[in-house]
Amino acid sequence: MASTPRPAPKRAVGPRVEETSAGGFVLDRSGPVPRVALIARRDRRGRLAWSLPKGHLEEGETPETAAVREVLEETGITGRIVASLGTINFWFMADDRRVHKTVHHFLLEALDVTLSDEDAEVTEVAWVPLTEVAERLRYADERRLVDHVQALVDDPGPMDDPGLMSGPA
C-alpha cells in the first residue's frame, strides 16, 4: 500500500510589525564634482555594505526631522533638506516577526563637509562622487534613486531655495 504524501508543515508566521525610517542623499557641491556621503556597516558575512544614512523615527518626529538627525548622527554632517525623493517600502523577517518597513528618502545639502564615523552602528563613512554612488550602494532600491538625484543636481533650482526646511539650529 502506497503512502499518501503529506503536505509540508506550515511554518508559523510571526506578528506583523510596521517600522518607519528616514534619511537620504547628503550632497556636497563645494568642490569640482558633486559627492554624496555614504555609510558602511558589516553584513552577516563581514563584508562592508554601503548605504545611505538613515534610521528610525523617534516618537513625535517627522520624517524630515528624523532624516536630518540621522544624517548628523551617522555621518557627522549637518544637512538642509532641499527635496523629497519619495519612499521605499519592503518586507523582511527579524526575530520571528514580519517587518514592513517604510523609508522616507530626502536630498540634503551638506552645510559642512567633515565626516565622522563615531556612531557605533557605522563602520565607515565616505564622500563618494555622485557618478560612482550607484556602483557603491548595496541596495537596488537606493541605487534607483541616483538618477533622480542627478536630475536635481543638473537643474539645481530647488537646491538654491533658501526657504526650504533647514537642519537643526
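Scroll up to find the structure.
Residues numbered from 1 in each chain as written. Predicted model: local features only at pLDDT ≥ 70, side-chain atom pairs only at ≥ 80, totals over all residues. Heavy atoms only, no water.

Observations concerning the overall build of the protein
Okay, so step 1: If you tally the helices and strands in the protein, you get 4 helices and 7 strands.
Okay, so step 2: Seen in sequence order, the protein has helices and strands lined up from the N terminus as β-β-β-β-α-β-β-β-α-α-α.
Okay, so step 3: For the protein, the proportion of its 169 residues judged to be buried stands at 41%.
Okay, so step 4: A separation of at least 24 residues holds for 69% of the contacts in the protein among residues at least 6 apart in sequence.
Okay, so step 5: Total accessible area on the protein stands at roughly 10,000 Å², and carbon and sulfur atoms take up 51% of it. (Helix = DSSP H or I, 4+ residues; strand = E, 2+ residues; numbered from the N terminus. Buried < 20%, exposed > 50% of the residue type's maximum accessible area, 1.4 Å probe, protein only. Contact = heavy atoms within 4.5 Å. Areas by Shrake-Rupley, 256 points an atom, 1.4 Å probe, with all protein chains shown as cover.)

A few points about the packing of aromatic side chains
Okay, so step 1: A full pass over the atoms with the stated rule returns 1 aromatic pair.
Okay, so step 2: Across from the ring centre of Trp 50, 4.9 Å away, lies the NZ or CZ of Arg 136, which sits over that ring. (Phe/Tyr/Trp six-rings, centres within 6.5 Å; stacked < 30°, edge-to-face > 60°. Lys NZ or Arg CZ within 6 Å of the ring centre and 35° of its normal.)

A look at helix H4 (residues 146-154)
Okay, so step 1: Those residues of H4 that sit buried are Val 146, Val 149, Leu 152 and Val 153. One side of H4 carries all its buried residues, which in axial view fall inside an arc of 120 degrees. Exposed residues on H4 whose side chains face more than 90 degrees from its buried face are Asp 147 and Asp 154.
Okay, so step 2: Buried residues along H4 sit in contact with strand E1 (16-28), strand E5 (79-94), strand E6 (97-110), helix H2 (130-136) and helix H3 (140-143). (Arc of directions from axis to C-beta.)

Quick notes on the pattern of salt bridges
Okay, so step 1: Inspection of the entire model under this criterion finds 15 salt bridges.
Okay, so step 2: Its salt-bridge partner being Glu 142, residue Lys 54 comes within 2.7 Å of it at the nearest N-O pair. In this pair, Lys 54 sits in strand E4 (residues 54-56) while Glu 142 sits in helix H3, placing the two residues 88 residues apart along the sequence.
Okay, so step 3: Between Arg 69 and Glu 70 there is a salt bridge; the shortest N-O distance is 2.9 Å.
Okay, so step 4: Classification of Arg 69 by relative accessible area gives buried; the value is 15%.
Okay, so step 5: Residues joined in a network through salt bridges with shared partners are Glu 58, Glu 61, Arg 69, Glu 70 and Glu 73. (Salt bridge = Lys/Arg side-chain N within 4 Å of Asp/Glu carboxyl O.)

Let's talk about the environment of Val 26
Okay, so step 1: Following the sequence through the fold, Val 26 ends up in strand E1.
Okay, so step 2: Look past the residues within four positions of Val 26 in its chain and what remains in contact with it is Arg 35, Val 36, Ala 37, Pro 53, Val 71, Ile 77, Leu 108, Ala 110 and Trp 127.

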